[in-house]
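# An overview of the molecular structure
Read off the chains here:
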Amino acid sequence: MKKRILSLTLAALMPLSLAACGGGGDATSTAGTTGGETVANADKPLVWFNRQPSNSSTGELDMTALNFNENTYYVGFDANQGAELQGTMIRDYIEANIDSIDRNGDGVIGYVLAVGDIGHNDSIARTRGVRSALGTAVEVDGAIDSTPVGTNTDGSSKNVQDGTLEIGGKTYKVRELASQEMKNSAGATWDAATAGNAISTWSASFGDEIDIVASNNDGMGMAMFNSWSKEEGVPTFGYDANSDAVAAIAEGYGGTISQHADVQAYLTLRVLRNALDGVDIDTGIGTEDDAGNVLTSDVYTYNADERSYYALNVAVTAENYEDFLDSTVVWEPVSNQLNAEVHPTKKVWLNIYNAADNFLSATYQPLLQKYDDLLNLDVEYIGGDGQTESNITNRLGNPSQYDAFAINMVKTDNAASYTALLNQ
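Since the structure is predicted, the reported quantities are computational estimates derived from the model, not experimental observations.

Below, the discussion takes up the environment of histidine 343. Position of histidine 343 among the secondary structure elements: in the loop between β16 (314-316) and β17 (346-352). Once residues within four sequence positions are removed from consideration, histidine 343 is found in contact with Arg273, Asp277, Asp290, Leu338 and Asn376. Only 2.9 Å separates the side chain of histidine 343 from the side chain of aspartate 290, close enough to count as a polar contact.

The subject of this paragraph is the pattern of salt bridges. Across all of its chains, the model carries eight salt bridges by this definition. Here arginine 131 ties to glutamate 176 by a salt bridge, and the two come within 2.8 Å at their closest N and O atoms. In this pair, arginine 131 is assigned in helix α5 (residues 121-134) and glutamate 176 in strand β10 (residues 170-181), connecting sequence segments 45 residues apart. The exposure classification of arginine 131 matches that of glutamate 176, with both residues buried. A salt bridge links aspartate 277 to arginine 273; the shortest N-O distance between them is 2.8 Å.

For the rest of this paragraph, the subject is helix α7 (residues 218-232). If you check α7, its first and last C-alpha atoms are just 18 Å apart, much less than what 15 residues at 1.5 Å a residue would give, namely 21 Å. In the structure, α7 departs most strongly from a straight axis at phenylalanine 225, where the bend amounts to approximately 60 degrees. Every buried residue belonging to α7 is among Asp218, Gly219, Met220, Gly221, Met222, Ala223, Met224, Phe225, Trp228 and Ser229, and all of these are buried. Tucked into the core, α7 has its buried residues touching β5 (108-115), α6 (192-206), β11 (210-215), β12 (236-237), α8 (243-248) and β13 (256-258).

Looking at the largest pocket, its volume works out to about 610 Å³. If you go around the largest pocket, you meet 33 residues; those closest to its centre are Asn80, Asn121, Ile124, Ala125 and Arg128. Of all the secondary-structure elements, those providing two or more residues to the lining of the largest pocket are β4 (72-77), α3 (79-96), α5, β7 (143-144) and β14 (300-303). For the lining of the largest pocket, the element with the most residues is α5, which contributes five residues. Residues belonging to the lining of the largest pocket are distributed by class as follows: 13 nonpolar, 15 polar and five charged.

Criteria and cut-off values
Residues numbered from 1 in each chain as written. Predicted model: local features only at pLDDT ≥ 70, side-chain atom pairs only at ≥ 80, totals over all residues. Heavy atoms only, no water. Helix = DSSP H or I, 4+ residues; strand = E, 2+ residues; numbered from the N terminus. Contact = heavy atoms within 4.5 Å. Polar contact = N/O pair within 3.5 Å; in protein donor to acceptor, adjacent residues only side chain to side chain. Salt bridge = Lys/Arg side-chain N within 4 Å of Asp/Glu carboxyl O. Buried < 20%, exposed > 50% of the residue type's maximum accessible area, 1.4 Å probe, protein only. Expected span 1.5 Å × (residues − 1). Bend = angle between axes of the 7 residues up to and from the residue. 1 Å grid on protein atoms, 1.4 Å probe; cavity = no way out; pocket = protein on both sides within 12 Å on 5 of 7 lines; lining within 4 Å. Points joined across faces, edges and corners; volume = space filled by probe spheres on them. Nonpolar A, V, L, I, M, F, W, Y, C, P; charged D, E, K, R; others polar.

Have a look at this one:
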């Protein structure tokens, strides 16, 4: 794996960068214009990120939103590949630690699962990935059921089944003891506090049956780890490779998955930069740009039919966690500063669906703020409440001020709430 470092030492280019960030009297840097000509808001570059426009019930992509205009794309990560990695990581841990994993010696490997958002494709994939790897999955209409089971200590749930693992010539039963959507009373999903409360309830009811704690993300995983499983020595597995979770691996956190946030954040702004520059969308991505930035095919894929860029995932465990301790370091192959004379400053409106989301606020946004400097983009960051789209859309009152938009929806169904504003 390539060493990740922040390469921001191109001192010769700094005066140009600073001058560009100062405002720019050049017509090409005027918000809402290109080459001195006014551009309709509906024609400006748009990237959806982190939440792919889709039907929250069926997962079907919203191709109307993904084809909003010729410069519209989605940036995320390969959810299915990452989900499979997470499930495999948990199974591998069980197999490697089978002599100590069954805490009460009943021959049943019991796990609990924190579900982020039952209507979010990434959450659905991660739940399916864990169940598939551990043999607890059941299919409904040809797809693994991702429905939370509530409490299932007796194994009677119809949403899962008891799995089996053959290890060292012995058969072990695997059971999903409990799972629920971590949604707070205000409606915010992926809620860490709710996960912390859930593990307290579960542990009080059937604590010594819990051998593994699994979570759809690290925010919820760390809440459960700090509330209960760290002290009890129960391995906890999350997703996102947040810095606190990676550091906690040294203290017993079982592992996490890096969704290459460094690559995602770069792609989020890079596709906008390319569209604003009027160059091939692959510039600085699969094709080296004039500053030497380029990504290799082992860290991302592009699906042209879905107009979507997907970063690839990496398992982070006790064997390699030291390489991931700082989740806000940019990816070295795309860390070169663009020349501000060739790539003048443009203004971007970008929102984070929930300012309290640990991954987005503590990992993704800091990365975006490093890349916006490198790519000469003046980004206005908007933090939502994680509950309603209007909390965000109400702050997009004058889209004509901006040259491009990067949108992270509260709900994947709600792309029209944003495109309607751009169509006015």
